[in-house]
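Survey of secondary and tertiary structure
This is what each chain is made of:
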Amino acid sequence: MGVQPAAFVTVLASAGVAIGLALQGSLSNIAGGCLILLTRPFIVGDYIVEDGHGNEGTVMAIDLFYTRIKTTQNKIIVVPNGVISSNSLTNVTRQEELLLDIRVGIGYDDDLLKAKEILKEVAATSDFNTRVDEVTIFVDELGESSINLGVRFWVPSGQYHPARWDTNERIKLALDKEGINIPYNQLDVHMINN
């Protein structure tokens with residue numbers, strides 16, 4: 001046919017390399033999709049946080065090439081399976097309960113023991129609390145302008161955000177009612193007249 005075998009093999013090898021490079025992302029996504037479908041680190045309906053790019057939301061669909069995630073703002077994020085399978089991720093809803101962990105600062109002049117009792121009462125009476133006897137209140141840090149207290153208790157994983165919002169509001173109202181201050185950073189400026 002008048003074609004040198006060496007030239008034909010070279011053209012064929014170059015075409016193979018070009019096709020391989022062009023399909024590299026797609027093959028990575030297919031391999032990632034297969035890995036996700038086999039190992040099942042998450043399923044449709046799970047709330048996940050993909051640590052590599054900060055994508056998070058509820059898994060709506062797992063396809064061969066992409067995983068579709070719906071955010072809390074009702075946006076759909078299409079994430080390549082190669083990205084998900086090669087990065088770490090957190091499956092927030094895999095467990096039935098999550099530990100709600102909140103920090104609250106009080107003033108150094110306020111009654112520490114009274115503040116701890118108020119926080120314990122708020123946590124123990126929360127409608128979201130699944131283990132009333134396992135409420136933990138502790139001094140987390142003696143900060144520059146506040147004593148930082150920690151509040152921990154168990155909530156249903158599907159109710160984590162509503163539980164957090166409700167608890168923060170109830171803590172603020174309860175501390176205000178008892179006259180305990182939540183300090184904030186202030187800057188005092190002194191003017192000198194010459």
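Above this note sits the structure.
What you see is a predicted model; the values in this text were computed from it and never measured.

Attention shifts here to unusual backbone geometry. Negative phi is the rule for most residues except glycine; trans is the rule for most peptide bonds. Phi at N74 takes a positive value of approximately 70 degrees, unusual for a residue other than glycine. Structurally, the position occupied by N74 is in the loop between β3 (66-70) and β4 (76-80). On the basis of relative accessible area, N74 is assigned to the exposed category, the value being 56%.

Okay, the pattern of salt bridges next. Applying the stated rule across the entire model yields nine salt bridges. Among the ionic pairs, R131 bridges to E134, the shortest N-O distance being 3.2 Å. In this structure R131 comes out as partly exposed when scored by relative accessible area, which is 27%. What makes E134 partly exposed here is its relative accessible area of 37%.

Moving on to the sheet that holds strand β2 (residues 55-62). The strand order β4-β3-β2-β1-β5 describes an open sheet built from five strands, whose pairing is antiparallel. In this open sheet, the two strands that pair with only one neighbour each are β4 and β5 (89-91). Direction aside, the axes of adjacent strands within the sheet are offset by 40 degrees on average. Sheet topology note: the β3/β4 ladder contains five bridges and is antiparallel. Opposite K70, over in β4, you have I76 as the bridge partner.

Here is what the cut-offs are and how they apply
Residues numbered from 1 in each chain as written. Predicted model: local features only at pLDDT ≥ 70, side-chain atom pairs only at ≥ 80, totals over all residues. Heavy atoms only, no water. Helix = DSSP H or I, 4+ residues; strand = E, 2+ residues; numbered from the N terminus. Buried < 20%, exposed > 50% of the residue type's maximum accessible area, 1.4 Å probe, protein only. Salt bridge = Lys/Arg side-chain N within 4 Å of Asp/Glu carboxyl O. Pairing = 2+ DSSP bridges. Axes fitted to C-alpha atoms, helices over the stretch in contact; angles between N-to-C directions.

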